[in-house]
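Okay, here's what each chain looks like letter by letter:
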Amino acid sequence: MSQSDCLFCRIVAGEIPSEKVYEDDLVTAFKDINPAAPVHVLVVPKKHITSLAHVEEEDRALLGHVVLTLSRIAASQGLDGRGYRLVVNTGDEGGQTVGHIHFHLLGGRRMGWPPG
Ligand code: AMP
Ligand code: ZN
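Predicted model, so just to flag it, every value in this text is computed and none were measured. (Residues numbered from 1 in each chain as written. Chains lettered and ligands numbered in written order. Predicted model: local features only at pLDDT ≥ 70, side-chain atom pairs only at ≥ 80, totals over all residues. Heavy atoms only, no water.)

Novice: Requested: an account of the site of ligand 1, with residues and values cited.
Specialist: Neighbouring ligand 1 are 16 residues, the closest being Asp32, Asn89, Thr97, His102 and His104. The separation between an oxygen atom of ligand 1 and a polar main-chain atom of Gly95 is 3.1 Å. Between ligand 1 and the protein, one listed contact pairs an oxygen atom with a backbone N or O atom of Val98 at 3.0 Å. Across the complex, the protein chains shield 83% of the 500 Å² of accessible surface that ligand 1 would expose by itself. (Near = heavy atom within 4 Å. Polar contact = N/O pair within 3.5 Å; in protein donor to acceptor, adjacent residues only side chain to side chain. Areas by Shrake-Rupley, 256 points an atom, 1.4 Å probe, with all protein chains shown as cover.)

Novice: Break down the environment of Leu62 for me, with residues and values.
Specialist: Mapping Leu62 onto the fold places it in helix H2 (residues 60–76). By relative accessible area, Leu62 is classed as buried at 12%. Between the C-alpha atom of Leu62 and that of Ala75, which follows or precedes it by 13 residues, the distance is 20 Å. Residues within four places of Leu62 in sequence aside, it is in contact with Leu26, Pro45, Lys47 and Ile49. (Helix = DSSP H or I, 4+ residues; strand = E, 2+ residues; numbered from the N terminus. Buried < 20%, exposed > 50% of the residue type's maximum accessible area, 1.4 Å probe, protein only. Contact = heavy atoms within 4.5 Å.)

Novice: Outline the pairing of strand S3 (residues 39–45), supporting the account with residue identities and numerical values.
Specialist: Here S3 lies mainly inside the structure; seven of its seven residues are buried. Judged by which residues are buried, S3 turns out to be covered on both faces: Val39, Val41, Val43 and Pro45 on one side and His40, Leu42 and Val44 on the other are all buried. Here strand S2 (residues 27–31) runs beside S3; their pairing, made up of five bridges, is antiparallel. Counterpart to Val27 in the pairing with S3 is Pro45. Across five bridges, S3 lies against strand S5 (residues 103–107) in antiparallel orientation. By the bridge assignment for S5, Val41 is matched with Leu105. (Pairing = 2+ DSSP bridges.)

Next comes the structure, spelled out in structure tokens:
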């Protein structure tokens, strides 16, 4: 499943360093290298899925696990009582720049709306 030319597959494999905040069998979470908020964590399934538009029925349990994990990571980052935002940029106009599905967990400041 892992792709040698995929940045996040390489981070998952430990071939590229990252500041990991959580890891289990299915998911890795690490700090965004260019944070857009005081807390900016990327939660990444270890399985290479190109984007939300490429999710398949077989990924149902995996994505459920990602969502549960996200809320636990938010709590571990001190955000549970404050609030936070999840962002999944998808495709070109969605602003996706890395072709491995990832969930941005943003918090530690008040978020504006609409996003840019
Ligand atoms: P997106 O634009 O939604 O595809 O998000 C990609 C995110 O990956 C951006 O917020 C980048 O700052 C982040 N990023 C790129 N390279 C790295 C890296 N080596 N380690 C951690 N985060 C990265
Ligand atoms: Zn990948």
